[in-house]
Protein chains: 2
Amino acid sequence: MNRRNFIRTGTSAAAAGVFTSAGIAAEKPTLESGSVILFQGDSITDAGRDKKNQVANEKASLGHGYPAVIGAGLLADHADLDLQVYNRGISGHKVPDLAKRWDRDCIDLKPDVLSILIGVNDIWHKLNGNYDGTAEVYRDGFAALLERTRKALPDTTIVVCEPFVLKCGAVLKGEWFPDFDTRRAYAKEVAKAADTLWVPFQDMFDEAVAAGTEPEKWAKDGVHPTGEGHALMAKTWREVVGI
Amino acid sequence: MNRRNFIRTGTSAAAAGVFTSAGIAAEKPTLESGSVILFQGDSITDAGRDKKNQVANEKASLGHGYPAVIGAGLLADHADLDLQVYNRGISGHKVPDLAKRWDRDCIDLKPDVLSILIGVNDIWHKLNGNYDGTAEVYRDGFAALLERTRKALPDTTIVVCEPFVLKCGAVLKGEWFPDFDTRRAYAKEVAKAADTLWVPFQDMFDEAVAAGTEPEKWAKDGVHPTGEGHALMAKTWREVVGI
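What comes next is a walk through the structure. Starting from 1, residues in each chain are numbered consecutively following that chain's sequence as written. For this description, chains carry letters from A and ligands carry numbers from 1, given in the order in which they are written. At least 70 in pLDDT is required for a residue's local features to be given in this predicted model, at least 80 for side-chain atom pairs to be given and counted, and no such filter applies to totals for whole chains, interfaces and linings, which use all residues. Derived side-chain values reflect all non-hydrogen atoms in the structure, with water molecules and hydrogen atoms excluded from consideration.

1. Notes on the packing of aromatic side chains
Aromatic rings in a pair are described by how distant their centres are and how their planes are angled relative to each other. Note the following rule: Only rings of Phe, Tyr and Trp enter the pairing, Trp through its six-membered ring, and a pair is recorded when the two centres are within 6.5 Å. The plane angle decides the type: under 30 degrees is stacked, over 60 is edge-to-face, the rest tilted. By definition, any uninterrupted DSSP run of H or I lasting at least four residues is a helix, any uninterrupted run of E lasting at least two residues is a strand, and each is numbered from the N terminus. Three labels apply to residues, based on accessible area from a 1.4 Å probe with only protein chains included: buried if under 20% of the type maximum, exposed if over 50%, partly exposed otherwise in between. To sit over a ring, a charge needs its Lys NZ or Arg CZ within 6 Å of the ring centre and within 35 degrees of the ring normal.
Evaluated as defined, the whole model comprises 20 aromatic pairs over all chains. A ring pair is formed by F39 of chain B and W237 of chain B, whose centres lie 5.3 Å apart and whose planes are at 50°; its orientation type is tilted. Residue F39 of chain B is found in strand β1 (residues 36-41), and its partner W237 of chain B is found in helix α13 (residues 227-241); the two are separated by 198 residues along the sequence. You can call F39 of chain B buried: its relative accessible area is 0%. By relative accessible area, W237 of chain B is classed as buried at 0%. Here W176 of chain B and F180 of chain B contribute two aromatic rings whose centre-to-centre distance is 6.1 Å and whose plane-to-plane angle is 70°, an arrangement assigned as edge-to-face. Classification of F180 of chain B as buried rests on a relative accessible area of 1%. Each member of the aromatic cluster is reached from another via a ring pair, and the members are F39, Y66, F164, F201, F205, W218 and W237 of chain A. Lying across the ring of Y186 of chain A, R139 of chain A places its NZ or CZ 4.7 Å from the centre.

2. Quick word on the side chain of R88 of chain B
Residue and element names in this part refer to chain B. Rules: Definition of a polar contact: a pair of N or O atoms within 3.5 Å, with one able to donate and the other able to accept a hydrogen when the atoms are protein atoms, and with sequence-neighbouring residues admitted only if both atoms are side-chain atoms. In this analysis, two residues are considered to be in contact whenever any of their non-hydrogen atoms come within 4.5 Å of each other.
Along the chain, R88 turns up in the loop between β2 (84-87) and α6 (95-100). A polar atom in the side chain of R88 sits 3.0 Å from the backbone oxygen of Q54. In terms of polar contacts, R88 uses its side chain to reach the side chain of D105, at 3.1 Å. The contacts of R88, once residues within four sequence positions are left out, are L38, F39, Q40, R49, Q54, R101, R104, D105 and L109.

3. Notes on the sheet that holds strand β5 (residues 197-199) of chain B
All names here are of chain B. Which entries qualify depends on this criterion: Here, any two strands with at least 2 DSSP bridges between them count as paired. Note on method: axes are straight lines fitted to C-alpha atoms, helices fitted across the in-contact stretch only, with angles between N-to-C directions ranging 0 to 180 degrees.
Spatially, β2-β1-β3-β4-β5 is the arrangement adopted by the 5 strands of the open sheet, whose pairing is parallel. The sheet is open, and its two edges are formed by β2 and β5, each paired on a single side. In this sheet, adjacent strand axes meet at a mean angle of 15° when their direction is disregarded. Sheet topology note: the β1/β2 ladder contains 4 bridges and is parallel. Note that in β2 the partner of F39 across the bridge is N87. In the packing of helix α5 (residues 66-77) onto the sheet, contacts are made with β1, β2 and β3 (113-117), and the angle to β1 comes to roughly 170°.

4. Overview of the interface of chain B and chain A
How we decide: Note on definitions: salt bridges are taken to be side-chain nitrogens of Lys or Arg within 4 Å of carboxyl oxygens of Asp or Glu.
The interface of chain B with chain A comprises 26 residues on the first partner and 26 residues on the second. Scanning the region where chain B abuts chain A turns up 6 salt bridges. Among the salt bridges present, the one from K217 of chain A reaches D82 of chain B, with a minimum N-O distance of 3.2 Å. Remark: the boundary between chain B and chain A carries 14 residue pairs in polar contact (both at pLDDT 80 or more). At the level of elements, α4 (59-62), α5, α12 (215-218) and α13 of chain B are the ones that each hand at least two residues to the side of chain B that touches chain A.

5. So, the sheet that holds strand β2 (residues 84-87) of chain A
Residues and elements named next belong to chain A. One open sheet holds the 5 strands; their spatial order is β2-β1-β3-β4-β5, and the pairing between them is parallel. Taken across any chain shown, the strands that pair with only one partner, and hence form the sheet edges, are β2 and β5 (197-199). In this sheet, adjacent strand axes meet at a mean angle of 15° when their direction is disregarded. Judged from the 3 bridges that link them, strand β4 (residues 157-161) and β5 form a sheet pairing that is parallel. By the bridge assignment for β5, V160 is matched with W198. Each of β4 and β5 is contacted by helix α10 (residues 179-193), which is oriented at about 155° to β5, the strand it contacts most.

6. Side note on the relation of the copies chain B and chain A
Under the convention used in this document: Here the copies are matched by least squares. The fit uses the C-alpha atoms of residues with pLDDT of at least 70 in both.
Between chain B and chain A, which share one sequence, the superposing operator has a rotation angle of 180° and an axial displacement of 0.0 Å; the RMSD is 0.0 Å. Taken together, the turn and the small shift mark the pair as related by a two-fold rotation axis. Taking the C-alpha atom as reference, chain B places V69 of chain B closest to the rotation axis, 3.0 Å from it. Comparing interface residues between copies, 100% of those in chain B also lie at the interface in chain A; the contact surface is shared.

7. Some points on the pattern of salt bridges
Counted by the stated rule, this structure contains 28 salt bridges over all chains. The partner of D77 of chain B in a salt bridge is R238 of chain B, with the nearest N and O atoms 2.9 Å apart. Here D77 of chain B, found in helix α5, pairs with R238 of chain B, found in helix α13; they are 161 residues apart in sequence, far enough to count as distant. Judged by relative accessible area, which is 34%, D77 of chain B ranks as partly exposed. Residues joined in a network through salt bridges with shared partners are R88, R101, R104 and D105 of chain A.

8. Looking at the state of the cysteines
Residues and elements named next belong to chain B. This is how it is decided: When two cysteine sulfur atoms lie within 2.5 Å, the pair is treated as a disulfide.
Counted under the stated rule, the structure contains 0 disulfides over all chains. C161 carries a free sulfur, and the closest cysteine sulfur to it, the one in C106, is 13 Å from it. No disulfide involves C168; its sulfur sits 20 Å from the nearest other cysteine sulfur, which is in C161.

9. Side note on the environment of V95 of chain A
Residue and element names in this part refer to chain A. By the element assignment, V95 lies in helix α6 (residues 95-100). Judged by its relative accessible area of 3%, V95 falls in the buried class. The spacing of V95 and E239 is 144 residues in sequence and 26 Å in space, taken between C-alpha atoms.

10. Considerations on the packing of α5 of chain B against α13 of chain B
Residues and elements named next belong to chain B. Put simply, the test is: If an angle is under 35 degrees, it is roughly parallel; if it is over 145, roughly antiparallel; if it lies from 65 to 115, roughly perpendicular; otherwise it is oblique. A crossing counts as left-handed when the near helix is turned anticlockwise from the far one by less than a right angle, and as right-handed when that turn is clockwise. Residues are sorted three ways: Asp, Glu, Lys and Arg are charged, Ala, Val, Leu, Ile, Met, Phe, Trp, Tyr, Cys and Pro are nonpolar, and all the rest, Gly among them, are polar.
Contact geometry for α5 and α13: axes closest at 8 Å, N-to-C directions at 50°. Here α5 lies oblique to α13, going by the angle between them. With respect to the hand of their crossing, α5 and α13 are arranged in right-handed fashion. Here Y66, V69, I70, G73, L74 and D77 of α5 come into contact with α13, specifically with H230, M233, A234, W237 and R238. The residue inventory of the contact of α5 with α13, partitioned by class, reads 7 nonpolar, 2 polar and 2 charged.

Structure (structure tokens):
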């Protein structure tokens with residue numbers, strides 16, 4: 001019996017995906033020699049990566065965003081482990097887009113740690129009239145994606161990152177609320193059901209703004225993080241995931 | 001009397017640029033609101049940055065290398081300080097190239113912390129027959145650049161990074177030694193004379209290889225760091241500089 005199965009079947013708390021007060025599931029991964037860490041998502045994850053050369057650990061292949069910052073930290077802190085860090089985020093993608101390329105861009109890579117940040121385009125493209133998926137379509141699609149992942153990769157630590165917006169730029173121009181809050185709640189719900197870790201990016205940015213910073217400092221257009229925004233995301237991700 | 005002047009005139013140890021056993025000068029900077037951090041150098045620092053948009057803190061403007069990793073860390077850890085992090089490294093540059101653009105790309109930016117990594121092209125281009133500067137030309141040019149910087153920016157913390165190579169790739173193909181070791185020693189000498197901090201990148205990579213890793217892991221061609229190499233550099237830089 002492997003560690004995850006033991007935890008899932010052996011303790012009711014972990015089996016139920018119990019979150020701490022910070023919204024974090026109890027189980028954290030342990031890195032080993034050759035561990036694969038994969039970042040999946042949309043433009044926030046993509047962050048200008050070189051898609052012609054989708055190899056592990058290469059600077060250009062990791063892009064300019066939080067995956068690159070986290071990857072650099074992991075590679076430096078675990079230089080003895082030969083970690084493989086991949087970024088496979090693609091700009092503009094929504095849950096159904098991830099589902100279409102999930103075998104190639106996730107399952108086949110056999111990640112030990114899989115981080116997913118998805119959801120902002122699922123609402124943004126709907127507000128723009130280019131998509132008709134409701135919040136419930138997002139919830140059900142995301143839940144199915146996580147279930148499929150659990151079946152194919154039972155030992156993988158899955159990290160679900162909270163979709164977020166800053167109240168500035170494009171986010172002031174459409175009817176984002178309360179629909180976006182509903183979607184965030186659904187993301188947390190499906191993360192709990194799938195026994196994943198949860199990185200509270202919206203809470204993090206809300207706290208930063210409450211502390212007196214301008215929302216534009218973190219994401220000029222309200223959606224795509226600045227260098228400061230990505231840096232803060234990377235720091236919080238590493239604290240939550242514990243690697 | 002400001003802090004640097006006090007230290008320079010008030011204590012003989014610091015005035016002489018005394019280094020610790022780790023090769024590190026005693027004085028470390030303190031970041032304040034609006035502090036400017038500037039990275040200068042060649043392709044290792046440049047690391048594919050967007051030169052059309054040379055602004056502070058932007059992900060693309062910081063490139064893919066150690067300045068981006070350090071910048072992200074500083075911006076996340078000091079979100080309240082409105083730091084300005086610049087990368088102005090340019091691929092292929094040697095000491096005389098820095099000297100030509102030093103007013104525009106260093107003095108005018110008024111950095112509070114200035115990090116310089118320069119020297120590998122000063123020898124590489126000589127080995128290739130495209131430059132005729134000896135190790136002494138490197139030493140004297142570097143010393144003059146630091147002296148000019150001290151006069152224009154007396155309160156700036158200067159960080160000199162040790163030039164380094166890994167013994168693989170292009171470095172196996174030419175007569176790099178003992179000339180390169182002489183140049184490293186000169187870099188340390190001029191750094192001491194100018195009372196700068198010193199980041200021992202060659203020692204760091206030598207230790208990593210001695211610990212059993214392949215040199216190619218850190219720089220495939222012996223000169224340009226991999227993602228792992230940049231990540232390790234960023235970690236060491238932050239430990240030495242203390243920010």
